[in-house]
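Structural overview for review
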Amino acid sequence: MAPAQPGRGTHAAAPWTADRIRTAVRDRLADHDPKATDPTGLLGALFDAGLAWVHFPPGYGGLGAPRALQAVVDGELAAAGIPPAAPGLHTIALGMAAPVLLAFGDEAQKQRFLRPLFTRQEVWCQLFSEPGAGSDLAALATRAVRDEASGDWIVDGQKVWTSVAHEAHWGLLVTRTDPQLPKHQGLTYFLVDMTAPGVEVRPLRQATGEAEFNEVFLTGVRVPDSRRVGAVGDGWKVANGTLMNERVAIGAGALPREGGMVGALARTWRERPELRTPGLHADVLRSWVEAEALRLTAERLRQQLAAGQPGPEGSAAKIAFARLNQRLSGLALELLGEEGLAYDDWTFRRPDPDEDLSGRSFGFLYLRAKGNSIEGGTTEILRNVIAERVLGLPQEIRTDKNTPWKDLPR
């Protein structure tokens, strides 16, 4: 992997500043004209220059610079007409896999996966939820058993609600490796090849009529020990790191003013004056203000993130996002009245994961928003996280905390 390169005419030991970052981006774009260079090659050049995630260490797509300077890189790329990363297809790769590999992966894993992940050559999915565990991730039953002859792990089980699994090359997988231990222990984290024998992906049709999610069956899947992330038994710690990043990615994503659902509602309000009433005016205004407050809070949260793992504050952002999105979609239907009950298309299909959902009908958005309080951690679980880890309230009584997983009722 090529080392990070500073901008021309600068000293390698000089501290990174906005001007120096800006020069480095422009030099890289001068050497790799976006109009003449294929996207993979351009992204690879940015990675090698340390401009993928500037706060990552040199050699891993970063410069060891302050995280806030990433905004300078993004601004320069936008000015050059380079679109941001596709939000749907690569959300798990960029928002979860990359920081987890940096924090918990070994050297070989970082060298193997970080660059093709950033260049969008490999899609990732997350294999956490299970039908029998519900919101209690630690109750998962997917087993990984060590084959002493080869050193590989043999994985059997089922995962559910897996976004883009049908497109993914790699999956972030949590398994149970020791059922004799309590449920939060005895878990181990792996990177699984989604094309390996024994991996079967089936679509899950949602209330919207589409199959955005999947269920994944793992039958005798061999995973080399070199694909284990962290120590055997450290799966809960690595999974928590993944979830913290996931909640920030969902609840604290970068949006412009009136981005997302609130923009669709505001446009309808402005373009359809015949639908307005004084009561709805108050509701729309209140929701607009809340959306703007959430947007600014998310921006502050992103600025406060250290180079390491994000904290539990992302759980609050995710709850606020889910609640607001559901309120906005319900308000839109109330605004349209019987017109809002019309549904555009119930055809079973695999949607484009990068589609801007704000352009869909309000009927679709209303149904899709129901999933916001489940995906990325249910609202009930996240309230516990906030109560215990942010507010410092007493922990909820858990009678199964020290009971071996094999003895728990299922």
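Computed from a predicted model, the values in this text were never measured in an experiment.

1. A closer look at unusual backbone geometry
- Positive phi outside glycine occurs at V164, with the angle close to 50 degrees.
- On the secondary structure map, V164 appears in the loop between β3 (153–160) and β4 (170–176).
- Under the relative-accessibility criterion, V164 is labelled buried at 6%.
- One non-glycine residue, E258, adopts positive backbone phi at about 60 degrees.
- Position of E258 among the secondary structure elements: in the loop between α6 (235–251) and α7 (261–271).
- Exposure remark for E258: the relative accessible area of 23% places this residue in the partly exposed category.

2. Describing the nonpolar core
- Of all hydrophobic cores here, the largest spans 49 residues; its most connected members are I21, L51, W53, W124, L172 and Y189.
- Secondary-structure elements contributing two or more residues to this core are α1 (18–31), α2 (39–48), α3 (70–79), α4 (91–104), α5 (107–118), β4, β5 (187–193) and α6.
- The biggest single contributor to this core is α4, with eight residues.
- L265, L280, L333 and F362 belong to the second-largest nonpolar core, a separate cluster that totals 21 residues.

3. Things to note about α2
- The element α2 is largely enclosed, with a buried count of seven among its 10 residues.
- Within α2 the residues assigned to the buried category are L42, L43, G44, A45, L46, F47 and D48.
- Looking at the buried side of α2, the elements it contacts are α1, α3 and α5.
- Measuring from the side-chain oxygen of the N-cap residue of α2 to the backbone nitrogen of T40 gives 3.1 Å; that N-cap residue is D38.
- Of the residues flanking the end of α2, it is G50, one or two places downstream, whose phi is positive at about 80 degrees.

4. With respect to the pattern of salt bridges
- Here the structure, examined in full by the defined rule, presents 29 salt bridges.
- The shortest N-O distance in the salt bridge between R257 and E292 comes to 3.1 Å. Taken together, the positions of R257 in the loop between α6 and α7 and E292 in helix α8 (residues 278–304) put the pair 35 residues apart, joining distant regions of the chain.
- Here R257 falls in the exposed class, since its relative accessible area comes to 53%.
- What makes E292 buried here is its relative accessible area of 10%.
- Taking the shortest distance from any N to any O, the salt bridge between R295 and E292 comes out at 2.7 Å. Of the two residues, R295 and E292 both sit in helix α8, three residues apart, roughly one turn of that helix.
- Through salt bridges that share partners, D19, R22, R26 and E76 make up one connected network.

5. A short note on the side chain of E122
- Turning to its location among the elements, E122 is positioned in the loop between α5 and β1 (124–127).
- Within the local environment of E122, its side chain forms a polar contact with the side chain of R112, the two groups lying 2.8 Å apart.
- Among the polar contacts listed, one links the side chain of E122 to the side chain of W170, at a separation of 3.5 Å.
- Excluding residues that lie within four positions of it along the chain, E122 makes contacts with H90, A93, R112, F113, P116, L117, H169 and W170.

6. Some points on the packing of α1 against α3
- In the contact formed by α1 and α3, the axes pass within 9 Å of each other and the chain directions differ by 40 degrees. In this structure, α1 meets α3 at a crossing whose hand is right-handed. For the pair α1 and α3, contact is made by A18, I21, R22, V25, R26 and L29 and by V72, V73, E76 and L77, respectively.
- Grouping the constituent residues of the contact of α1 with α3 by class yields seven nonpolar, no polar and three charged.

7. Some details on the pairing of strand β2 (residues 143–146)
- Bridge count for β2 against β3 is four bridges, and the pairing is antiparallel. Each bridged residue has a counterpart across the sheet, and for R146 the counterpart in β3 is W153.
- The antiparallel hairpin formed by β2 and β3 contains six residues in its connecting segment, where G151 sits at a positive phi of about 85 degrees.

8. Things to note about the packing of aromatic side chains
- One pass over the structure, following the stated rule, counts 11 aromatic pairs.
- Between F47 and W53, the aromatic rings sit 6.2 Å apart at their centres with planes inclined by 85 degrees, giving edge-to-face as the arrangement.
- On the accessibility criterion, W53 (10% relative accessible area) is buried.
- Following the ring pairs from residue to residue traces out a cluster consisting of F47, W53, F56 and F118.
- The ring of F118 is capped by R120, whose NZ or CZ atom sits 5.0 Å from the centre of that ring.

9. Observations regarding the pairing of β1
- Residues W124 and Q126 of β1 are buried on one face, and the alternating residues C125 and L127, pointing to the opposite face, are buried as well.
- Direction of pairing for β1 relative to β4: parallel, over a ladder of four bridges. What sits directly across from C125, in β4, is G171.

10. Section: the environment of E388
- Tracing the chain through its elements places E388 in helix α11 (residues 379–390).
- Taking the C-alpha atoms as reference points, E388 and T399, 11 residues apart in sequence, are found 17 Å from one another.
- The contact partners of E388, leaving out residues within four places of it in the chain, are L393, P394, Q395, E396 and R398.
- A polar atom in the side chain of E388 sits 3.2 Å from the backbone nitrogen of E396.
- A distance of 3.1 Å separates a polar atom in the side chain of E388 from a polar atom in the side chain of R398.

Thresholds applied
Residues numbered from 1 in each chain as written. Predicted model: local features only at pLDDT ≥ 70, side-chain atom pairs only at ≥ 80, totals over all residues. Heavy atoms only, no water. Helix = DSSP H or I, 4+ residues; strand = E, 2+ residues; numbered from the N terminus. Buried < 20%, exposed > 50% of the residue type's maximum accessible area, 1.4 Å probe, protein only. Core = buried A, V, L, I, M, F, W, Y, C linked by side-chain atoms within 4.5 Å. Contact = heavy atoms within 4.5 Å. Polar contact = N/O pair within 3.5 Å; in protein donor to acceptor, adjacent residues only side chain to side chain. Salt bridge = Lys/Arg side-chain N within 4 Å of Asp/Glu carboxyl O. Axes fitted to C-alpha atoms, helices over the stretch in contact; angles between N-to-C directions. Left-handed = near helix turned anticlockwise from the far one by under 90°. Nonpolar A, V, L, I, M, F, W, Y, C, P; charged D, E, K, R; others polar. Pairing = 2+ DSSP bridges. Phe/Tyr/Trp six-rings, centres within 6.5 Å; stacked < 30°, edge-to-face > 60°. Lys NZ or Arg CZ within 6 Å of the ring centre and 35° of its normal.

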